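Examining the three-dimensional arrangement
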Amino acid sequence: QVHLVESGGGLVQTGESLSLSCTVSQSLVNFPAMGWYRQPPGKQRELVAQFLNVDRMEYADAAKGRFTISRDNAKNVMNLTMNSLTPEDTAIYYCGCLNHEGHWDWGQGTQVTVSS
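Structural notes, computed from the coordinates. (Residues numbered from 1 in each chain as written. Predicted model: local features only at pLDDT ≥ 70, side-chain atom pairs only at ≥ 80, totals over all residues. Heavy atoms only, no water.)

This brings us to the environment of Ser19. Its location among the elements puts Ser19 in strand β3 (residues 18–24). On the basis of relative accessible area, Ser19 is assigned to the partly exposed category, the value being 44%. Linking Ser19 and Thr81, residues 62 residues apart in sequence, is a C-alpha distance of 4.3 Å. Once residues within four sequence positions are removed from consideration, Ser19 is found in contact with Ser7, Gly8, Leu80 and Thr81. (Helix = DSSP H or I, 4+ residues; strand = E, 2+ residues; numbered from the N terminus. Buried < 20%, exposed > 50% of the residue type's maximum accessible area, 1.4 Å probe, protein only. Contact = heavy atoms within 4.5 Å.)

Residue placement: Asn99 occurs in the loop between β9 (91–98) and β10 (104–106). Side-chain polar atoms of Asn99 contact the backbone nitrogen of Glu101, separated by 2.9 Å. Leaving out residues up to four positions away in the same chain, Asn99 has contacts with Phe31 and Pro32. (Polar contact = N/O pair within 3.5 Å; in protein donor to acceptor, adjacent residues only side chain to side chain.)

Attention now moves to the pairing of strand β4 (residues 33–39). On a regular strand, one side chain projects to one face of the sheet and the next to the other, so that they alternate. Burial analysis of β4 places six of its seven residues in the buried class, the great majority of the element. Pairing geometry for β4 and strand β5 (residues 46–52), over six bridges, is antiparallel. Across the sheet, Gly35 pairs through a bridge with Gln50, a residue of β5. The loop that links β4 with its antiparallel partner β5 comprises six residues; one of these, Gly42, has a positive phi angle of about 75°. (Pairing = 2+ DSSP bridges.)

What the rule picks out here adds up to four salt bridges. One salt bridge in this structure joins Arg38 and Glu46, with 2.8 Å as the shortest N-O distance. Judged by relative accessible area, which is 30%, Glu46 ranks as partly exposed. (Salt bridge = Lys/Arg side-chain N within 4 Å of Asp/Glu carboxyl O.)

Quick look at the structure:
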């Protein structure tokens with residue numbers, strides 16, 4: 001089983017930046033998809049940004065132009081850099097990996113809170 005550990009969440013003010021990291025217990029190249037999702041209060045989990053087939057990136061509309069997903073295959077780490085944060089970005093952020101059997105593994109999540 002894959003273990004994922006997120007870090008970097010916290011409380012910031014509107015307009016500030018925050019970077020999240022996800023350390024994965026296996027080589028990142030094992031996964032056909034991996035990315036960041038978030039769950040705002042009272043809402044369902046939603047895509048933020050993801051890698052497809054190693055190097056193709058996909059962003060949700062809310063993340064385009066403000067968030068950047070990146071990865072360090074040598075360190076088995078995936079990152080999410082978030083700029084110009086707003087209260088609408090407040091959520092629990094999860095990193096996840098999809099294996100070749102179609103199963104997603106998730107981290108425990110990290111809270112991001114943006115105050116107005």
